[in-house]
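# A closer look at the structure
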Amino acid sequence: TSSAFQVSTNQEGLIVATLENADLQDNITAYAVQVSGEPRLVLVPFINTSEPLLFNASFHGLCYTVGLLVKLGQSWSRPIRSIAVLTKPLPVRAAYISDYKEAPETGVVFDIDPPIRTVFSRVNISYTEGQERRSMLYKDFYKGKTVFKHWLPGMCYRNITFQLISEATVFQTSLITLSDITHTPLHHRTVPYPPLNISHKIIALNQRAAGEFHNKEGGRQSSRQARDVPLMEEPQEQETQPEEEIVSNEEETTPQVFFSTTQNVTERVNVSRNQTEEPEPQSYWLNPTEISPADRDEEFVNAVVSEYEDSNEPGSAMAVPTEVLVLATRLPPILLELRWLPPRPPTSYDGFNVYIYRDGNSTETATVDENTHEFFTELTEPGTYRVQVTTLSSSGDCEARESSADTGFTFYLSPTGELLEELRERPQGVSVRLLDSSTAAVSWAPSSQNHNGSLVSVLSTTCLKPSLSQRMESTYCREENSTSDVISNLTPGAQYRVVVYHTNGPLISPPSEPVIIDIEPTGVRELTVYPLSPTAVILSWQRPYHVAFRKYILQTFFFNPVTLASEWTTYYEIAATASVIATVVMQRLQTLS
């Protein structure tokens with residue numbers, strides 16, 4: 001007979017079994033359903049055949065088979081009809097997106113938190129790319145995580161959602177159910193690619209070119225200026241005078257002080273303009289005030305002593321009653337030119353950020369649009385500069401991001417304007433040759449980059465192994481650097497790790513490949529053999545000084561009747577003690593003696 005038995009799932013994920021009038025028979029006393037899919041078969045009888053039967057499945061996204069049973073007498077029949085039903089998977093509780101560390105420009109890591117007792121075969125990932133809504137099916141989720149490597153660099157992906165999909169095939173019929181989407185949609189921007197072919201040029205400007213550069217940029221004046229500071233009692237107007245005039249004018253009414261005639265320029269602040277004393281043109285020190293002609297021969301000593309005794313300011317050693325001196329290092333006008341090319345397509349970007357650091361501190365940060373591929377700035381202070389140009393992507397609802405690849409460079413500007421470039425090549429062909437038990441010579445191949453020095457770093461790998469009370473090494477227990485290519489004060493028996501760096505002023509190259517050297521330990525002293533019995537002897541010796549070792553190895557030289565040859569063989573290994581009682585066979589004892 002045909003049956004109208006129906007099985008489905010409702011919105012709450014419950015299995016609903018319904019009997020129709022065609023399923024009812026006169027000789028049947030009861031009806032029930034048999035549910036397979038749980039760990040055990042479940043039989044649920046109909047309480048009222050006119051009402052649907054609800055069954056709460058333990059697993060979501062799993063295919064269940066529901067069969068209709070009828071009761072004949074005291075026993076239940078076999079299923080007269082079976083229907084397969086796929087329960088609905090529960091929605092994702094939470095989702096996270098992070099960068100794929102190996103390739104953050106195109107790769108992301110999807111991390112979802114699926115609900116418990118939920119079975120799914122694939123995940124539908126939907127997102128908005130630009131103005132288009134896209135989706136993709138992904139099945140390679142392991143412990144809720146998967147890696148996707150095909151997004152565009154610098155692109156803002158919006159409204160990212162995750163929907164679980166459960167699938168089953170029953171009698172060549174495919175069953176598919178989708179979970180709801182209840183988690184908060186996510187936004188993520190991939191990292192843009194960095195700019196290409198970043199180049200820099202450092203140009204020494206003359207005073208006129210520097211002035212034109214400042215006027216063109218609407219910046220500050222090219223030369224520093226000294227200003228007059230008014231007295232506390234009598235306020236005066238500040239008067240500004242170019243420094244070049246102060247240095248060149250030898251008929252100034254106030255003295256000048258030069259601590260370095262080549263690198264440093266002294267800026268002075270006049271407290272009183274009423275001084276009329278004429279300074280000595282060749283003097284590098286201030287003239288002491290009111291010194292008698294009798295004390296002219298001891299003028300310097302008297303000035304220092306009297307001022308030291310009378311001054312209330314700590315550290316004052318000269319008579320400077322009317323002037324305050326300000327020392328400043330004057331760098332010749334230096335122009336830094338940066339140029340680069342756009343990042344490789346298909347990067348989505350809106351501009352570039354330029355960062356300039358001096359001695360680790362940020363000195364300038366600038367942002368230019370996507371059509372600008374150059375940047376100019378004047379460097380006014382000596383030091384170690386770090387310059388970096390990054391690609392900026394900021395359009396859309398996602399958080400703005402910059403390129404993460406290291407595209408910066410480093411250089412050093414001396415106070416005289418000398419340029420020292422960064423060293424990118426590591427030393428090659430490093431070798432160590434032992435000169436004696438405590439000295440070694442280090443050598444390396446010539447470098448293709450110009451550098452003005454090298455550092456040899458030495459570290460003992462055996463110093464920290466024994467306890468402090470048993471340690472026999474005192475040097476190179478911590479990494480020590482030296483500019484000499486000869487390593488001294490080595491300990492016999494120790495092992496050392498040697499690394500070489502090239503230097504260019506304060507700039508240091510990457511380290512070379514480490515070289516491990518082992519120094520042969522020195523032998524024991526005053527080895528003595530005392531007979532103890534016909535088959536035993538006492539060995540005594542003095543332990544060596546200034547040597548690193550872990551144990552003694554006792555060897556005997558005897559005639560081997562098997563090989564018919566005399567040979568050395570290891571008899572015993574002992575800790576570092578002064579003497580030992582060794583029991584040997586008579587034959588070995590005779591050979592040893």
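Residues numbered from 1 in each chain as written. Predicted model: local features only at pLDDT ≥ 70, side-chain atom pairs only at ≥ 80, totals over all residues. Heavy atoms only, no water.

Here we come to the overall build of the protein. Scanning the protein from terminus to terminus reveals 4 helices and 42 strands. Looking at the protein alone, contacts between residues at least 24 apart form 62% of all its contacts between residues at least 6 apart. Of the roughly 35400 Å² of accessible surface on the protein, a fraction of 50% belongs to carbon and sulfur atoms. (Helix = DSSP H or I, 4+ residues; strand = E, 2+ residues; numbered from the N terminus. Contact = heavy atoms within 4.5 Å. Areas by Shrake-Rupley, 256 points an atom, 1.4 Å probe, with all protein chains shown as cover.)

Before going further, it helps to examine the packing of aromatic side chains. All told, the structure shown has 16 aromatic pairs when counted by the stated rule. Consider the rings of Phe110 and Phe162, whose centres lie 5.5 Å apart with planes at 70°: the pair is edge-to-face. With Phe110 in strand β10 (residues 108-113) and Phe162 in strand β14 (residues 156-170), this residue pair connects regions lying 52 residues apart in the sequence. With relative accessibility at 0%, the residue Phe110 sits in the buried group. (Phe/Tyr/Trp six-rings, centres within 6.5 Å; stacked < 30°, edge-to-face > 60°. Buried < 20%, exposed > 50% of the residue type's maximum accessible area, 1.4 Å probe, protein only.)

Bringing the sheet that holds strand β17 (residues 196-204) into the picture now. Spatially, 3 strands are ordered β17-β22-β25 in an open sheet, and the strand pairing comes out antiparallel. Only two strands of the sheet have a single neighbouring strand rather than two, namely β17 and β25 (374-379). The mean angle between the axes of side-by-side strands here comes to 15°, regardless of whether they run parallel or antiparallel. (Pairing = 2+ DSSP bridges. Axes fitted to C-alpha atoms, helices over the stretch in contact; angles between N-to-C directions.)

On the basis of which strands lie adjacent, the open sheet formed by 3 strands has the order β1-β2-β5 and antiparallel pairing. Where the open sheet ends on each side, the last strands, each with one partner, are β1 (6-9) and β5 (53-55). Direction aside, neighbouring strands of the sheet carry axes that sit 20° apart on average. Pairing geometry for strand β2 (residues 15-18) and β5, over 3 bridges, is antiparallel. Within the sheet, the bridge partner assigned to Ala17 lies in β5 and is Leu53.

Turning next to the pattern of salt bridges. Applying the stated criterion across every chain yields a total of 12 salt bridges. Ionic pairing is found between Asp359 and Arg358, a salt bridge with its closest N-O pair at 3.4 Å. Its relative accessible area of 46% is what places Asp359 among the partly exposed residues. (Salt bridge = Lys/Arg side-chain N within 4 Å of Asp/Glu carboxyl O.)

Another aspect to go through is the state of the cysteines. The full count for this structure, using the stated rule, is 2 disulfides. Two residues share a disulfide in this structure: Cys463 and Cys477, whose sulfurs sit 1.8 Å from each other. For the disulfide bridge between Cys463 and Cys477, the dihedral angle about the S-S bond is near 70°, and by the sign convention the bridge is right-handed. Of this pair, Cys463 sits in the loop between β32 (453-460) and β33 (480-482) while Cys477 sits in the loop between β32 and β33; the two residues are 14 residues apart in sequence, bridging distant segments of the chain. Numbered in order of appearance, the disulfide-bonded cysteines of the protein are paired 1-2, 3-4. (Disulfide = S-S within 2.5 Å.)

With respect to the element layout, Ser460 can be found in strand β32. A distance of 3.4 Å separates a polar side-chain atom of Ser460 from the backbone nitrogen of Thr462. Setting aside its immediate chain neighbours within four residues, Ser460 contacts Glu473, Thr475, Tyr476, Gln495 and Tyr496. (Polar contact = N/O pair within 3.5 Å; in protein donor to acceptor, adjacent residues only side chain to side chain.)

Another point: the confidence of the model for the protein. Detailed reading of the predicted model is not advised wherever pLDDT is low. Mean pLDDT over the protein works out to 77, with 74% of the residues at or above the 70 mark. Here strand β18 (residues 225-227) stands out as the least confident element of the protein, with mean pLDDT 32; strand β16 (residues 186-189) is the most confident, with 96. Under a pLDDT of 50 for its full length, residues 219-328 has, in the predicted model, 132 contacts with residues more than four places off or in other chains. Across residues 578-593, confidence stays below pLDDT 50; counting only partners more than four residues off in sequence or on other chains, it has 36 contacts. (pLDDT = per-residue confidence, 0-100.)

Moving on, we come to the pairing of strand β26 (residues 383-393). With 8 of 11 residues buried, β26 is to be regarded as a mostly interior element. Bridge count for strand β23 (residues 351-358) against β26 is 8 bridges, and the pairing is antiparallel. The partner of Asn353 across the bridge, within β26, is Thr390. With 2 bridges joining them, β26 and strand β27 (residues 401-402) adopt antiparallel strand pairing. Along β27, the bridge assignment pairs Ser393 with Arg401.

Looking now at the environment of Glu520. By the secondary structure assignment, Glu520 is in the loop between β37 (515-518) and β38 (525-533). By relative accessible area, Glu520 is classed as exposed at 65%. Between the C-alpha atoms of Glu520 and Ala494, which are 26 residues apart in sequence, the distance is 7.8 Å. Excluding residues within four positions of it along the chain, Glu520 makes contact with Pro492 and Gly493.

A few words on the environment of Val16. By the element assignment, Val16 lies in strand β2. C-alpha separation for the pair Val16 and Asn56, spaced 40 residues apart in sequence, amounts to 9.1 Å. Discounting residues that sit within four places of it in the chain, Val16 has contacts with Gln6, Val7, Ser8, Asn10, Pro52, Leu53 and Leu54.

Sheet analysis places β38 next to strand β39 (residues 536-542), joined by 6 bridges and oriented antiparallel. The partner of Val529 across the bridge, within β39, is Leu539. Counting the residues that bridge the hairpin from β38 to β39 gives 2 residues.

So, on to the environment of Val35. The residue Val35 is located in strand β3 (residues 31-36) in this model. According to the relative accessible area criterion, Val35 is buried, its value standing at 1%. Linking Val35 and Ser82, residues 47 residues apart in sequence, is a C-alpha distance of 9.5 Å.

We now examine unusual backbone geometry. Cis geometry marks the peptide bond from Pro345 to Pro346, where omega comes out at 5°. Tracing the sequence through the fold places Pro346 in the loop between β22 (334-341) and β23. Even without being glycine, Gln172 reaches a positive phi, approximately 60°. With respect to the element layout, Gln172 can be found in the loop between β14 and β15 (173-178). Since its relative accessible area comes to 81%, Gln172 is described here as exposed. In the Ramachandran plot, Asn489 falls in the positive-phi region, its phi being about 60° despite a non-glycine side chain. On the secondary structure map, Asn489 appears in the loop between β34 (486-487) and β35 (495-504).

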